[in-house]
Amino acid sequence: MTPTVLALNLALSFASLASLALSLDRHHRDAFLARVPRTRARALRLAGWAGIGLSLAAAVALEGWNFGPVQWVGGLTGAALAVVALLSYRPRWLRPAALLALPLALLALPFALRG
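Student: How do you make sense of the packing of helix α1 (residues 3-22) against helix α4 (residues 94-114) when you look at a structure like this?
Tutor: Any two packed helices are characterised by how steeply their axes cross, that is the angle between the axes, and by the distance between the axes. In the contact formed by α1 and α4, the axes pass within 8 Å of each other and the chain directions differ by 150°. Of the possible angle classes, the one that applies to α1 and α4 is roughly antiparallel. Relative to α4, α1 is oriented so that their crossing is left-handed. Counted together, Thr4, Val5, Ala7, Leu8, Ala11, Leu12, Phe14, Ala15, Ala18, Ala21 and Leu22 of α1 and Leu94, Arg95, Ala97, Ala98, Ala101, Leu102, Ala105, Ala108, Leu109, Phe111 and Ala112 of α4 form the full contact between these two elements. Broken down by class, the residue content of the contact of α1 with α4 amounts to 20 nonpolar, one polar and one charged.

Here it is in structure tokens:
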């Protein structure tokens, strides 16, 4: 297990789970003070599930089938805890944090590929 692969997995998982959370009307209202439009909710769900699939693919490609899925589940768990904490205490910070996680994942990608 390399720390850069874990960082990549955490960043992708966090952005994906935040997208899924913001597709729900209650969390979207807490973060944006407005109801979620149906088309945006559908796009957020699609982006969230695609990101979760991408994080699994990255974990398996970089760590193999022996350890990749284990690391993926751990990354999902850590990311879920962070999303829940932000939704509970600072819901308006969720969108900027998720948007920050994507460049961090891109930054970790070359280091993860090297290791």
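Resuming the write-up.
Student: Explanation requested: unusual backbone geometry in the structure shown.
Tutor: Residues other than glycine predominantly adopt negative phi, and peptide bonds predominantly adopt the trans conformation. The backbone of leucine 33 sits at a positive phi, close to 60°, despite the residue not being glycine. Relative to the helices and strands, leucine 33 is located in the loop between α2 (25-32) and α3 (38-89). For leucine 33, a relative accessible area of 59% translates into the label exposed.

Conventions adopted
Here the residue index of a chain counts from 1 through its sequence in written order. Local features in this predicted model are restricted to residues whose pLDDT is 70 or higher, and side-chain atom pairs enter the listing and the counts only when it is 80 or higher, whereas totals over whole chains, interfaces and linings include all residues. Hydrogen atoms and water are omitted, and side-chain values are computed over all heavy atoms in the structure. Convention adopted: a line fitted to C-alpha atoms gives each axis, helices being fitted over their contacting stretch, and angles between N-to-C directions are expressed from 0 to 180 degrees. Secondary structure elements follow DSSP: runs of H or I no shorter than four residues count as helices, runs of E no shorter than two count as strands, and numbering proceeds from the N terminus. To sort the angles, those under 35 degrees are grouped as roughly parallel, those over 145 as roughly antiparallel, those from 65 to 115 as roughly perpendicular, and the leftovers as oblique. Two helices cross in a left-handed way if the nearer one is turned anticlockwise from the farther one by less than a right angle. They cross in a right-handed way if the turn is clockwise. Contact between two residues is taken to exist if any of their heavy atoms lie within 4.5 Å; hydrogens are not considered. Residues were grouped as follows: Ala, Val, Leu, Ile, Met, Phe, Trp, Tyr, Cys and Pro as nonpolar; Asp, Glu, Lys and Arg as charged; and all remaining residues, including Gly, as polar. Think of it in three bands: residues with accessible area under 20% of the maximum for their type are buried, residues over 50% are exposed, and the middle band is partly exposed, with areas taken using a 1.4 Å probe on protein chains only.

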